[in-house]
Amino acid sequence: MIQDFNFKGIKAIVRVDFNVPLDKKTSAVTDDTRIRGALPTIKKITSEGGCCILMSHLGRPEGPMEKYSLKPVLPVLEKHLGQKVLFADDCMGESAKKMSAELKPGEVLLLENVRFYPEEEGKPILPETATEEEKKAAKAALKAKQKEMAKTLATYASVYVNDAFGTAHRAHATTAVMADYFPKDKIMFGFLINSELAAMDKVLNNSQKPFTAIMGGAKVSDKIMLIENLLNRVDNLIIGGGMTYTFIKAMGGKIGKSLCEEDKLDLALKIIEKAKEKKVNLYLPVDSLNADKFENESNTNITAVDAVPDGWLGLDIADETIKEFSEVIGKSKTILWNGPMGVFEMEKFSKGTTAIAKAIAEATSKGAYSLIGGGDSVAAINKNGLADKVSYVSTGGGAMLEYMEGKKLPGIVAIRGE
Ligand code: AMP
């Protein structure tokens, strides 16, 4: 455990998630949440007299590309740490090796984007015309190179720390493979991954009742595995957002032109059945805010959720639903929220999502534990300035989803084992 480890005189190589958004024109960092998330781990290492080599990816480059350089992260990191940070403009090669070797206690070195090497991900860059056999051979060759990359990076330090929760679901050289090249007592999670795991385990395995999961977003198909896993654990399952209409249609309702996954109607009915079997209270919206166009400047009306007029689209939950959902949330002791209740990016259809965010904050102030995960629900919480009014806001969308689905994440397994 990182908290019990003393880094005095130790050189640690730390995988962080500095995959931050950059301004298209100036390349300045526009949201430094991820950089701030890595600070406790870096500060622990340097303050104890260790030194710190940081690795990260940024975006999806195909080979070295200036627009995916990690250089814009440097000034932000230096400002937060209050010290100079060294930069190696290639994560492999002689210069990175030399800079790592010469690093002194208390110093921090940031390596250039690890995805400038395709072996980091192990995904070959091939022409579209490549045959299946060529793809297979290229992948096998790259996997061998991935091990080489991990092995080389492992020579830079004596301790490996993984604090990149956002990529923990990827079996990449720096997120998982590297751990194999260190003794078991020299690999550990950083503080960020530790707190993400603690939040998710508390909700999944140690929840106070009643436990309410609120699922929203566009599609049932994206969330089905999470819903299935949650049905074994929750008391209440609230469903909102675009996926609502697949359920309503499956039950024989009229949904107009609302989002619907025609091939998931049976699945929706199975979820309803399973909820009954497991004695989970399933809450679907009762009313719907509809629009005649998928635009903020559309005409709107409110109808029962199963009576959306022909040609209209349901884009948000309406007042009756907000009231009912808020009451359930208000009585909950554990709350998990993933996915918006409507097309919250458009002002006109953001009311439902905002109301749910506020209801969760209110329940938290009365003692409930609330975990918010998934890019859009996190955005909604931040947009409403409620990030410090909920218990935990997860930094890893895809990684959180997979962990909560019950999947084994390569980055977690590499350190914790099964
Ligand atoms: P997800 O990534 O699955 O959580 O989905 C988030 C997206 O779902 C957001 O971009 C929302 O605009 C969209 N969404 C939410 N409610 C609806 C709806 N009623 N109709 C269409 N899209 C929706």
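Read on for a plain summary of the structure. What you see is a predicted model, and the numbers here were worked out from it, not measured in a lab.

## Observations concerning the packing of aromatic side chains
Next, step 1: For the structure shown, the criterion picks out 2 aromatic pairs.
Next, step 2: Aromatic side chains Phe5 and Phe7 sit 4.8 Å apart centroid to centroid with 55 degrees between the ring planes, which places their arrangement in the tilted category.
Next, step 3: When its relative accessible area of 17% is taken as the criterion, Phe5 is described as buried.
Next, step 4: By relative accessible area, Phe7 is classed as buried at 0%.
Next, step 5: Measuring from ring centre to ring centre gives 5.8 Å for Tyr160 and Phe182, while their planes differ by 25 degrees; the resulting arrangement is stacked. Taken together, the residues Tyr160 in strand E5 (residues 159-162) and Phe182 in the loop between E5 and strand E6 (187-189) connect sequence positions 22 residues apart. Phe182 carries the same exposure label as Tyr160, and that label is buried.
Next, step 6: It is Lys202 that lies over the ring of Tyr369; its NZ or CZ is 4.9 Å from the centre.

## Some points on the nonpolar core
Next, step 1: Counting residues in each nonpolar core, the largest one holds 72 residues, and the members touching the most others are Ile13, Leu111 and Leu371.
Next, step 2: Taken domain by domain, the makeup of this core includes at least three residues from each of domain 1 (2-189) and domain 2 (198-405).
Next, step 3: Ignoring any residue separated from it by four or fewer positions in sequence, one finds Leu371 in contact with Ala199, Met200, Val203, Ile335, Leu336, Trp337, Tyr392, Ser394, Met400 and Met404.
Next, step 4: Listed in part, the 33 residues of the second largest apolar core include Val16, Val20, Val108 and Val161.

## Comments concerning unusual backbone geometry
Next, step 1: Look at the link from Lys209 to Pro210: it is a cis peptide, with omega at -5 degrees.
Next, step 2: With respect to the helices, strands and loops of the structure, Pro210 is situated in the loop between helix H5 (191-205) and strand E7 (211-215).
Next, step 3: Even without a glycine there, the phi angle at Lys279 is positive, about 60 degrees.
Next, step 4: Here Lys279 lies in the loop between helix H8 (265-277) and strand E10 (281-283).
Next, step 5: On the accessibility criterion, Lys279 (71% relative accessible area) is exposed.

Calculation notes
- Residues numbered from 1 in each chain as written.
- Predicted model: local features only at pLDDT ≥ 70, side-chain atom pairs only at ≥ 80, totals over all residues.
- Heavy atoms only, no water.
- Phe/Tyr/Trp six-rings, centres within 6.5 Å; stacked < 30°, edge-to-face > 60°.
- Buried < 20%, exposed > 50% of the residue type's maximum accessible area, 1.4 Å probe, protein only.
- Helix = DSSP H or I, 4+ residues; strand = E, 2+ residues; numbered from the N terminus.
- Lys NZ or Arg CZ within 6 Å of the ring centre and 35° of its normal.
- Core = buried A, V, L, I, M, F, W, Y, C linked by side-chain atoms within 4.5 Å.
- Domains from an automatic or database assignment.
- Contact = heavy atoms within 4.5 Å.

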